[in-house]
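Remarks on the overall topology
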Amino acid sequence: MSSEGPRRRRPSPAVYRRRRAVVLVGLLLVVALIVWLLIAQPWRGSGDAANPPAQASSSASPSSTTPTLPDPAATGGSNPADALPEEAATTDTAAGLTPEACTADSVLVEALTDKESYASGEQPQLSMRLTNTSATPCTINVGTTQQSFTITSGSDVWWRSTDCQAAPSDMVVTLAAGQVVESSAPIAWDRTRSSVDTCEGDRPRATGGGASYHLDVSIGGIPSLTSRQILLY
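The text that follows walks through the structure, step by step, so that each part is easy to find. Sequence order as written defines residue numbering, which begins from 1 separately in each chain. Local features in a predicted model are, by the rule used here, given only for residues with pLDDT of at least 70; side-chain atom pairs are given and counted only at 80 or more, and totals for whole chains, interfaces and linings are based on all residues. Each side-chain value is worked out from all heavy atoms of the structure, with water and hydrogens disregarded.

**Digging into the overall build of the chain**
- Only DSSP runs of H or I with at least four residues qualify as helices, and only runs of E with at least two residues qualify as strands; both kinds are numbered from the N terminus onward. Helix and strand content of the chain: 1 helix and 14 strands.
- A simple rule labels every residue: compare its accessible area, found with a 1.4 Å probe on the protein chains alone, to the largest value its type can have, and call it buried under 20%, exposed over 50%, or partly exposed in between. Split into buried and exposed, the 233 residues of the chain put 30% on the buried side.
- A sequence separation of at least 24 residues applies to 71% of the contacts in the chain between residues at least 6 apart.
- Accessible area for the chain stands at about 14600 Å²; split by element, carbon and sulfur atoms hold 54% of it. Contacts: residue pairs with any heavy atoms within 4.5 Å of one another. Residue burial considers only the protein chains on display, and all accessible areas are found by Shrake-Rupley using a 1.4 Å probe.

And the structure:
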């Protein structure tokens, strides 16, 4: 009896052919995967900070932009801004809704100045800010017929922007929920007393020496809740 033990049978040629086919198919799958990775580049998804996906252009939301009132008309500082620019007016027509009129409960109006005190010869720069504090859009007339800047000293009204206003006009716009609008350029108060009878010629000048004055504004029939103090020297 032979001591070499049983001899293993060699696979048939058909088995070799099947094994080579499996290896070849595997190689083809690997090559195809590499080609797909190079072409499709799936790692360039939305999470790739270095290569962010392209975005369709759209209007900025109210929270990411701050539209402004246009520059006041050149009338010696007596004429407020004409109206909001078209970019600031937003509508809800896409949803088929008609915005209601803005009210004092939905819009906050604030009086603004560039400083609190002014040296002799310095002219206070007056402006205003509107904020739609509600959760829905609303319409408001921001034309010059509806804008008012008033300077007072105690109960004495010293100056009104509407006293010598030239060609006032109306413009109704829609403020989006949360939208903030500010004057892009201020109105200069020349530190004089105004009236409809003193639009031409000299006017009485306001007292300095630390005298206190206050600015109140209103727009669309909505007044500012608080006044802005001005000290003149």
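We are not done yet, so read on.
**Brief notes about the sheet that holds strand S2 (residues 100-101)**
- Strand pairing follows a simple DSSP-based rule, namely that at least 2 bridges must link the two strands. Strand order in this open sheet of 3 strands is S2-S6-S9, and the pairing throughout is mixed. Single-partner strands in this sheet number two, and they are S2 and strand S9 (172-175).
- With 4 bridges joining them, strand S6 (residues 138-141) and S9 adopt antiparallel strand pairing. Paired with Ile 140 across the two strands is Val 173, which belongs to S9.

**What about the pattern of salt bridges?**
- By definition, a salt bridge exists where a carboxyl oxygen of Asp or Glu is found within 4 Å of a side-chain nitrogen of Lys or Arg. On inspection of all chains with the given rule, the structure shows 4 salt bridges.
- Here the residues in one salt-bridge network are Glu 110, Arg 129 and Glu 182, joined through shared partners.

**Here we look at the nonpolar core**
- Counting residues in each nonpolar core, the largest one holds 29 residues, and the members touching the most others are Ile 140, Ile 151 and Tyr 213.
- Considering each element in turn, this core owes the most residues, 5 residues, to strand S12 (residues 211-219).
- Setting aside its immediate chain neighbours within four residues, Tyr 213 contacts Ile 151, Thr 152, Ser 153, Trp 158, Trp 189, Ala 206, Thr 207, Arg 228, Gln 229, Ile 230 and Leu 232. Here, nonpolar core means buried Ala, Val, Leu, Ile, Met, Phe, Trp, Tyr and Cys residues that are tied together by side-chain atoms lying within 4.5 Å of each other.

**Focus on the side chain of Thr 113**
- Tracing the chain through its elements places Thr 113 in strand S3 (residues 107-113).
- Here a polar contact is recorded for every N or O atom pair within 3.5 Å, except that within protein the pair must consist of a potential hydrogen donor and a potential acceptor, and residues adjacent in sequence are included only if both atoms are side-chain atoms. Within the local environment of Thr 113, its side chain forms a polar contact with the backbone oxygen of Lys 115, the two atoms lying 2.8 Å apart.
- For Thr 113, the residues in contact, after removing those within four places along its chain, are Tyr 118, Gln 125, Leu 126, Leu 215, Arg 228 and Ile 230.

**What about the packing of aromatic side chains?**
- Two rings from Phe, Tyr or Trp (for Trp, the six-membered ring) form a pair when their centres sit within 6.5 Å of each other. Planes less than 30 degrees apart are called stacked, planes more than 60 degrees apart edge-to-face, and all others tilted. For the structure shown, the criterion picks out 2 aromatic pairs.
- For the pair Trp 158 and Tyr 213, a centre-to-centre distance of 6.1 Å together with 90 degrees between the ring planes defines the contact as edge-to-face. Here Trp 158 is found in strand S8 (residues 156-160), whereas its partner Tyr 213 is found in strand S12, with 55 residues between them in sequence. Accessibility classification places Trp 158 together with Tyr 213 in one group, the buried group.
- Ring geometry for Trp 189 and Tyr 213: centres 5.5 Å apart, planes at 65 degrees, overall edge-to-face. Pair noted here: Trp 189 is in the loop between strand S11 (187-188) and S12 and Tyr 213 is in strand S12, with a separation of 24 residues, a long-range link.

**Things to note about the state of the cysteines**
- Working definition: a disulfide is two cysteine sulfur atoms within 2.5 Å of each other. Under the criterion given, the structure shown has 2 disulfides.
- Disulfide partner of Cys 102: Cys 138, at an S-S distance of 2.0 Å. Its S-S torsion of approximately 90 degrees makes the covalent link between Cys 102 and Cys 138 right-handed. Residue Cys 102 is located in the loop between S2 and S3, and its partner Cys 138 is located in strand S6; the two are separated by 36 residues in the primary sequence.

**Considering the environment of Leu 215**
- As for its placement among the helices and strands, Leu 215 is situated in strand S12.
- By relative accessible area, Leu 215 is classed as buried at 0%.
- When the C-alpha positions of Leu 215 and Ser 153 are compared, they lie 9.2 Å apart, and in sequence the two are 62 residues distant.
- Leu 215 has contacts with Ala 111, Leu 112, Thr 113, Leu 126, Ser 127, Phe 149, Thr 150, Ile 151, Ser 227, Arg 228 and Ile 230, leaving out every residue within four places of it along the chain.

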